[in-house]
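Single-letter residue listing:
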Amino acid sequence: MNDAPQKQRLDKWLWHARFFKTRTLAAKVVSAGHVRVNADKVAKPAYAVGAGDVLTFAQARHIRVIRIETLGDRRGPAAEAQLLYSDLSAEQDNVPQNPRFEGKGRPTKRDRRNRDLSRGSALED
C-alpha cells in the first residue's frame, strides 16, 4: 500500500476551497510570492500541500490564515469547500469603510440666510 501522505498542488487546493475564482488566478498569486505555507514563502503553484499545513495569504484587504483540514476532490459548492479548511484569521473589526454623515457639509439656504443676517450689521458700515 501507499504509506506516503496525500498531497495536492497549492493552486489547485486554493481553487477547490474557493479562495480564488479561477485556478489561473490562484497560480498567479502563488507565483508572485504572496502565499506562505507554514511561514515559508512559496513561489511555485505546483508546491505540494497536505492536511495540517497552514497557509497565509492576502485576500481583498484582509490577511487570511488557513489550516488545511483535508484535500478536495472537486470544486463543489461553498458549503462543501468550507469543510476543507479551518480559518485561523483574527476576527476583523466591522469598521465601516465610508465615514458617516455628521450633519456637516454645505449649509442649507436657511443657515446661509441666518449667517448673512448676523453679518449684515457689519456689512452696512
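Residues numbered from 1 in each chain as written. Predicted model: local features only at pLDDT ≥ 70, side-chain atom pairs only at ≥ 80, totals over all residues. Heavy atoms only, no water.

*Asks:* I'd like a rundown of the pattern of salt bridges, residues and numbers included.
*Replies:* In the structure shown here, the tally under the stated rule is 6 salt bridges. With a closest N to O distance of 3.2 Å, Arg 64 and Asp 87 form a salt bridge. Within this pair, whereas Arg 64 is found in strand E6 (residues 62-68), its partner Asp 87 is found in strand E7 (residues 85-87), the two being separated by 23 residues in sequence. For Arg 64, a relative accessible area of 18% puts it in the buried group. Arg 74 is the partner of Glu 80 in a salt bridge, and the nearest nitrogen-oxygen pair spans 2.8 Å. Here the residues in one salt-bridge network are Arg 9, Asp 11 and Arg 23, joined through shared partners. (Salt bridge = Lys/Arg side-chain N within 4 Å of Asp/Glu carboxyl O. Helix = DSSP H or I, 4+ residues; strand = E, 2+ residues; numbered from the N terminus. Buried < 20%, exposed > 50% of the residue type's maximum accessible area, 1.4 Å probe, protein only.)

*Asks:* Help me get a handle on the nonpolar core, residues and values and all.
*Replies:* The biggest cluster of nonpolar side chains holds 19 residues, and the ones touching the most others in it are Leu 10, Trp 13, Leu 14, Phe 19, Leu 55 and Phe 57. Elements represented by at least two residues in this core include exactly helix H1 (10-16), helix H2 (23-31), strand E2 (35-37), strand E5 (54-59) and E6. Ignoring sequence-local partners within four residues, the contact set of Leu 10 consists of Val 30, Val 35, Val 37, Val 42, Pro 45, Tyr 47, Val 49 and Leu 55. (Core = buried A, V, L, I, M, F, W, Y, C linked by side-chain atoms within 4.5 Å. Contact = heavy atoms within 4.5 Å.)

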